[in-house]
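Residue strings, one per chain:
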Amino acid sequence: MTPALLQVEGLRMRFGGLWAIDDIGFQVRQNEIFALIGPNGAGKTTVFNCIGGFYRPTQGRIFLDERPVTGRPSHWMARQGVVRTFQNIRLFRNLTVLENLLVAQHRHLKTGLLPGLFGLPSYRAAERQGLRSAMAWLDRMGLADHAQRQAGSLPYGLQRKLEIARCMITRPRLLLLDEPAAGLNATEKSELSRLIEGLRREHGIAILLIEHDMGLVMGISDSILVMEQGRPIALGMPDAVRTDPRVIKAYLGEA
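What comes next concerns the included structure. Every value quoted in this text rests on a predicted model; they were computed, and no experiment measured them.

Remarks on the sheet that holds strand β3 (residues 33-37)
As summarised here, the arrangement of the six strands in space is β6-β7-β8-β3-β9-β10, forming an open sheet in which the pairing is mixed. Each edge of the open sheet carries a strand with a single partner, namely β6 (82-84) and β10 (231-236). On average, each strand axis in the sheet is tilted by 15 degrees relative to the strand beside it, whichever way the strands run. Across three bridges, the pairing between β6 and strand β7 (residues 174-178) is parallel. When the bridges of β7 are listed, Val-82 appears paired with Leu-174. Against the sheet, helix α7 (residues 186-203) engages β3, β7 and β8 (206-210), with an angle of about 140 degrees to β3.

A word on the pattern of salt bridges
A full pass over the atoms with the stated rule returns 12 salt bridges. In this structure, the salt-bridge partner of Asp-22 is Arg-12, at a minimum N-O distance of 2.7 Å. In this pair, Asp-22 is assigned in strand β2 (residues 18-29) and Arg-12 in strand β1 (residues 4-15), connecting sequence segments 10 residues apart. Residue Asp-239 pairs with Arg-242 through a salt bridge whose shortest N-O separation is 3.3 Å. Of this pair, Asp-239 and Arg-242 both sit in helix α9 (residues 238-242), three residues apart, roughly one helical turn. Since its relative accessible area comes to 58%, Asp-239 is described here as exposed. One salt-bridge network, held together by shared partners, links Arg-12, Asp-22 and Arg-231.

Focus: the side chain of Gln-105
Inspection of the secondary structure puts Gln-105 in the loop between α3 (97-104) and α4 (113-118). In this structure Gln-105 comes out as buried when scored by relative accessible area, which is 3%.

Quick look at the side chain of Asn-100
Within the secondary structure, Asn-100 sits in helix α3. Given the relative accessible area of 0%, Asn-100 is considered buried. Discounting residues that sit within four places of it in the chain, Asn-100 has contacts with Leu-91, Phe-92, Leu-95, Ala-151, Leu-162 and Arg-166.

Scoring rules and cut-offs
- Residues numbered from 1 in each chain as written.
- Predicted model: local features only at pLDDT ≥ 70, side-chain atom pairs only at ≥ 80, totals over all residues.
- Heavy atoms only, no water.
- Pairing = 2+ DSSP bridges.
- Helix = DSSP H or I, 4+ residues; strand = E, 2+ residues; numbered from the N terminus.
- Axes fitted to C-alpha atoms, helices over the stretch in contact; angles between N-to-C directions.
- Contact = heavy atoms within 4.5 Å.
- Salt bridge = Lys/Arg side-chain N within 4 Å of Asp/Glu carboxyl O.
- Buried < 20%, exposed > 50% of the residue type's maximum accessible area, 1.4 Å probe, protein only.

Spatial relationships are all this shows, so hold off on functional conclusions.
What follows is the structure in structure tokens.
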């Protein structure tokens, strides 16, 4: 079995006197789709924020490629290929669809201040490279016809696709998707499922997913961690998780 790309051990996060997450642990391997599920308030997004570098966990350890990365800030994690979407879409709404993808590439395009000031050939070549990459991703996402539209004017489902494209253009190794199906209709959810599986297949990335749509989760996930009130209650493959009495109780209650 291949080593874990991401490993989380004994993760705990406290806000004041409240433990938002308590003793969370799991592994995500390269080319795996791993889902975090649970009722609202279970602590799933807090786990994401700790992994992505938005929170420094109170206790526990996080490893990337078996190297400790606990508490590293979000910009450092992004440089290591750990990028995320948000439950509430965070595009540059007043920029065009194309400009959103050009801005996202700033770390990868070798431009520099002086080449930009003087319009040197290296700067122009980097600009062309960035434009080609942006248009390739817009075409992949079915957004090429919308390249010059303001991002905020797109229908909600297309904004979701643009947000994922903005992550993918940074060449991630681990993509964190926070409720990507929220607000989508049934057709858009089916398209999203195919898109997520296609990204994994085409780019060999690992995907860590928070989602409430159980049809989507069970259809594409290799492994699932179920959380309730900040604690893990089940971990395993979809067929085992869906029939676990603790999971059924967490979602449906008991008589």
